[in-house]
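Letter by letter, the chains look like this.
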Amino acid sequence: MITITVYRNQKKQYTRLHCIGHAEYADPGEDIVCAGVSTLVLNTINAIDAFTDEVFTAHTERESGLIDIQFQNPAGHDAQLLLQTMVLGLQDIQKNYGTAYSVLIFKEV
């Protein structure tokens, strides 16, 4: 299962994104749930890097499926919008394929 934890402060501003695991919906290379989650998360990170001035650290680990992004400051308006779009897509994946393959968790920090 892929566990995506989204960290937000009391103002609902994103501060961190932690994604780990593999969906195991299908065989590697055929797993559309894993591909969908990976595409949404990686494209969002790349878009934030390319189109905003946000400062963040990133740590990835291929074997565990880890993608960990931590913002130096709460994400600004443009990054917030990109992250909200990513969350919408992740919620749709969870709704359509169930929590046995991916789960989205929100934590307040």
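Scroll up to find the structure this text is about.
Quick caveat, the model's predicted, so the values are computed rather than measured. (Residues numbered from 1 in each chain as written. Predicted model: local features only at pLDDT ≥ 70, side-chain atom pairs only at ≥ 80, totals over all residues. Heavy atoms only, no water.)

**Q** What am I meant to see in the overall build of the chain here?
**A** Helix and strand counts for the chain come out as 2 helices and 5 strands. In the chain, the order of α-helices and β-strands from amino to carboxyl end is β-β-α-β-β-α-β. Relative to the compact-globule value of 13 Å for 109 residues, the chain shows a C-alpha radius of gyration of 13 Å, a close match. Each principal axis of the C-alpha atoms in the chain carries an extent, and together these give about 40 × 25 × 20 Å. Of all 109 residues assigned to the chain, the portion counted as buried reaches 39%. (Helix = DSSP H or I, 4+ residues; strand = E, 2+ residues; numbered from the N terminus. Rg over C-alpha atoms; globule rule 2.2 N^0.38 Å. Buried < 20%, exposed > 50% of the residue type's maximum accessible area, 1.4 Å probe, protein only.)

**Q** Sorry if this is basic, but what is going on with the layout of surface pockets here?
**A** It is the rolling of a water-molecule-sized probe over the atoms that shows where space remains empty. Looking at the largest pocket, its volume works out to about 500 Å³. As for the largest pocket, its lining consists of 23 residues, of which H22, C34, S38, R62 and G65 are closest to the centre. Elements with a contribution of two residues or more to the lining of the largest pocket: α1 (32-51), β3 (56-61) and β4 (66-71). In terms of residue count, α1 provides more of the lining of the largest pocket than any other element does, 5 residues in total. In the lining of the largest pocket, the residues fall into 11 nonpolar, 6 polar and 6 charged. (1 Å grid on protein atoms, 1.4 Å probe; cavity = no way out; pocket = protein on both sides within 12 Å on 5 of 7 lines; lining within 4 Å. Points joined across faces, edges and corners; volume = space filled by probe spheres on them. Nonpolar A, V, L, I, M, F, W, Y, C, P; charged D, E, K, R; others polar.)

**Q** Even after reading the chapter, I still don't get a nonpolar patch on the surface, so can you show me in this structure?
**A** Together, Y25, I32 and Y97 line one region of the surface with nonpolar side chains, adding up to about 270 Å² of accessible area. Looking at the element boundaries, Y25 is found in the loop between β2 (14-20) and α1. (Patch = residues over 30% accessible without salt bridge, like charges linked within 9 Å, V, L, I, M, F, W, Y side chains within 5 Å. Areas by Shrake-Rupley, 256 points an atom, 1.4 Å probe, with all protein chains shown as cover. Salt bridge = Lys/Arg side-chain N within 4 Å of Asp/Glu carboxyl O.)

**Q** Would you mind going over the sheet that holds β4 with me for this structure?
**A** Backbone-to-backbone hydrogen bonds join strands into a sheet, with any given pair of strands oriented parallel or antiparallel. Ordered in space as β3-β4-β2-β1-β5, the 5 strands form an open sheet in which the pairing is mixed. Both outer strands of the open sheet, β3 and β5 (102-108), are each paired with one neighbouring strand and no more. Neighbour to neighbour, the strand axes of the sheet diverge by 10° on average, direction disregarded. Of the pairings in the sheet, the one linking β3 to β4 comprises 6 bridges and is antiparallel in character. Bridge pairing links A58 to I69 in β4. Here α1 sits on the sheet in contact with β1 (2-8), β2, β3, β4 and β5, set at roughly 30° to β4. (Pairing = 2+ DSSP bridges. Axes fitted to C-alpha atoms, helices over the stretch in contact; angles between N-to-C directions. Contact = heavy atoms within 4.5 Å.)

**Q** Which parts of the structure should I look at to understand helix α2 (residues 77-97)?
**A** Given 3.6 residues per helical turn, the α-helix brings residues three or four places apart onto the same face. Taking 1.5 Å of rise per residue, 21 residues should cover 30 Å, and α2 covers 30 Å from first to last C-alpha, within 8% of that figure. Looking at the packing, one finds that the buried side of α2 touches β1, β2, α1, β4 and β5. Of the residues flanking the end of α2, it is G98, one or two places downstream, whose phi is positive at about 90°. (Expected span 1.5 Å × (residues − 1).)

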